[in-house]
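# A look at the structure
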Amino acid sequence: MELFVVMDRSILGRGVFAVFSSIEKARSFSDDMYRNTSFQSEVKTCTVIGGPDPSDRVYAAHFYDDFYDTHVFDGIYSESNLAYDAVGRKGLIIRFVIDSPEDREIVA
């Protein structure tokens, strides 16, 4: 499954803001965010790692970079345990509901 991730444009700490099912929805959200906050973001196409989840929940995993003391985007996973296995105990995992940018929660 391919999804479209809206994330910040900074070189380090490229955090995820929202996950969408179409490029049009992702670009619209990104444009609105820039208009409202002047915060620059980009849309990245990602393939979900793991099997599909019928609840439309996905997990954005960020690994911890010791050298720069920040979390960096790793990928989108279908299950929280897969995301945790990928980024380890220092990682950051955020649960997103696809096409619902306001519905997100830090898991680990």
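Residues numbered from 1 in each chain as written. Predicted model: local features only at pLDDT ≥ 70, side-chain atom pairs only at ≥ 80, totals over all residues. Heavy atoms only, no water.

All right, on to the confidence of the model for the protein chain then. Looking at the protein chain, pLDDT values average 90 and 97% of them are 70 or higher. The secondary-structure element of the protein chain with the lowest mean pLDDT is helix α1 (residues 23-37), recorded at 90, while strand β6 (residues 92-97) shows the highest, at 96. (pLDDT = per-residue confidence, 0-100. Helix = DSSP H or I, 4+ residues; strand = E, 2+ residues; numbered from the N terminus.)

This next bit is on the environment of Cys46. Within the fold, Cys46 resides in strand β3 (residues 41-47). Here Cys46 falls in the buried class, since its relative accessible area comes to 8%. When the C-alpha positions of Cys46 and Ile76 are compared, they lie 6.9 Å apart, and in sequence the two are 30 residues distant. Look past the residues within four positions of Cys46 in its chain and what remains in contact with it is Met1, Glu2, Leu3, Val5, Phe73 and Ile76. (Buried < 20%, exposed > 50% of the residue type's maximum accessible area, 1.4 Å probe, protein only. Contact = heavy atoms within 4.5 Å.)

What follows is about the sheet that holds strand β5 (residues 70-77). Hydrogen bonds between backbone atoms are what pair the strands of a sheet, whose relative direction is either parallel or antiparallel. Ordered by their spatial adjacency, four strands build an open sheet running β5-β4-β6-β7, and the pairing between neighbours is antiparallel. The strands lining the two open edges of the sheet, one partner per strand, are β5 and β7 (100-106). Pairwise comparison of adjacent strand axes, ignoring direction, gives a mean angle of 30 degrees for this sheet. Pairing geometry for strand β4 (residues 57-65) and β6, over six bridges, is antiparallel. Paired with His62 across the strands is Leu92, a residue of β6. (Pairing = 2+ DSSP bridges. Axes fitted to C-alpha atoms, helices over the stretch in contact; angles between N-to-C directions.)

Attention now goes to α1. In this model, α1 (15 residues) spans 21 Å end to end at C-alpha, consistent with the 21 Å of a helix rising 1.5 Å per residue. Within the sequence span of α1, burial applies to Ala26, Ser30 and Met33. Seen along its axis, α1 keeps its buried residues to an arc of 60 degrees; they face one direction. Residues of α1 that are exposed and point more than 90 degrees away from the buried face comprise Glu24, Arg27, Arg35 and Asn36. The secondary structure elements touched by the buried residues of α1 are β1 (2-8), β2 (16-20) and β3. Count one or two residues on from α1 and you reach Ser38, which has phi positive near 60 degrees. (Expected span 1.5 Å × (residues − 1). Arc of directions from axis to C-beta.)

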